[in-house]
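# Coordinate analysis (summary)
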Amino acid sequence: MAAEYSAKAAAYSRHWAPVIGPMARSILRELPLPAAQHVLDVGCGTGELLPVLHAAAPRACVMGADRSEGMLRIAKRAGRRPLAVMDAERLAFGAESFDVAVLAFVLFHVPDPTAALREIHRVLRAGGTAGIVTWGENPAAPWVAIWNEVLDGLGAAADARDPDVMQHALMDAPEKLTGLLKSADLSVRLVWRERFTCRWTIEALLALHVTCGMPARRLASLTEAVQAECRARVEARLRQLPHDELIERPEVLFAIAHRPA
């Protein structure tokens, strides 16, 4: 199981983190990082944002926390420290420890997003700043339907993912995200949208999907021979897509909030 999880983390680091990392950086221009002394990246994953935070907050101790040991092992090998294995709903830091906290593409994975934001409120100093990055309302990419159709046809089991870590619908619009922040007694200063362009290759999509996400979870229910057949069928279908359908244009939401002074 550890080897399997490490493989997932490696695929995430190689194919997905470089895509979402540049998107998350838009939050930095609104954070008071130059004067910060203690910065927390909650759900830091493989640490893509940590070097950027270090550069933007040169006087700060920048801490990365994530519940995935596999992700943190990759971050550690890349020299990204200090790091801690930690759940966003139960941060093992003292109250009022940080000037800035960032949650980039992680809040929708937390079973109780309000509980996580209350933890952010707790660990921020009075007047401290939280930066949140999450997905907006985005239609499913065409390859999601392709995977599901092929997997269904080959008798794959349903996606076994825990619905508790699929909270995107609670925060996929500015008013929803604002409401969540207010529910944790955070004062919202700014919420905005940006749209990005992601150009995928078929090879990168396949490498990611057979290791991470819904396709990988459903593939695991099939024998190795049927998994190979499934991958071949999906690849053939992907190669029939028009070039434009390998381009995603996701909407990303950003929010800046403060712990009241």
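The structure under discussion appears in the preceding block.
Below you will find a few notes about this structure.

Take the pairing of strand 9 (residues 251-258) next. In terms of residue burial, strand 9 counts as a mostly covered element, since seven of its eight residues are buried. Of the strand pairs in this sheet, strand 5 (residues 124-135) and strand 9 are connected by seven bridges, and their pairing is antiparallel. Residue pairing across strands places Thr134 opposite Leu253, the latter belonging to strand 9.

What follows deals with the pattern of salt bridges. Overall, the coordinates contain 17 salt bridges when judged by the stated rule. Between Asp159 and Arg217 there is a salt bridge, with the nearest N and O atoms lying 2.7 Å from each other. Of the two residues, Asp159 is situated in the loop between helix 5 (142-153) and helix 6 (174-183) and Arg217 in helix 8 (residues 213-219); the sequence distance between them amounts to 58 residues. Its relative accessible area of 29% is what places Asp159 among the partly exposed residues. Across the pair Arg239 and Glu203 runs a salt bridge whose closest N-O atoms are separated by 3.0 Å. You can see Arg239 sitting in the loop between helix 9 (224-238) and strand 8 (247-248) and its partner Glu203 sitting in helix 7 (residues 202-209), a full 36 residues away along the chain. Overall, Arg239 belongs to the partly exposed group, its relative accessible area being 46%. Bridged by salt links that share partners, the residues Arg67, Asp87 and Arg90 form one connected network.

A few words now on unusual backbone geometry. Here the residue pair Arg81 and Pro82 is connected by a cis peptide bond, since its omega of 0° sits within 30 degrees of zero. Here Pro82 shows up in the loop between helix 3 (69-77) and strand 3 (83-85). Despite not being glycine, Phe105 shows a phi value in the positive range, around 55°. Within the element layout of this structure, Phe105 appears in the loop between strand 4 (98-104) and helix 4 (113-123). For Phe105, a relative accessible area of 8% puts it in the buried group.

Thresholds, definitions, all that
- Residues numbered from 1 in each chain as written.
- Predicted model: local features only at pLDDT ≥ 70, side-chain atom pairs only at ≥ 80, totals over all residues.
- Heavy atoms only, no water.
- Buried < 20%, exposed > 50% of the residue type's maximum accessible area, 1.4 Å probe, protein only.
- Helix = DSSP H or I, 4+ residues; strand = E, 2+ residues; numbered from the N terminus.
- Pairing = 2+ DSSP bridges.
- Salt bridge = Lys/Arg side-chain N within 4 Å of Asp/Glu carboxyl O.

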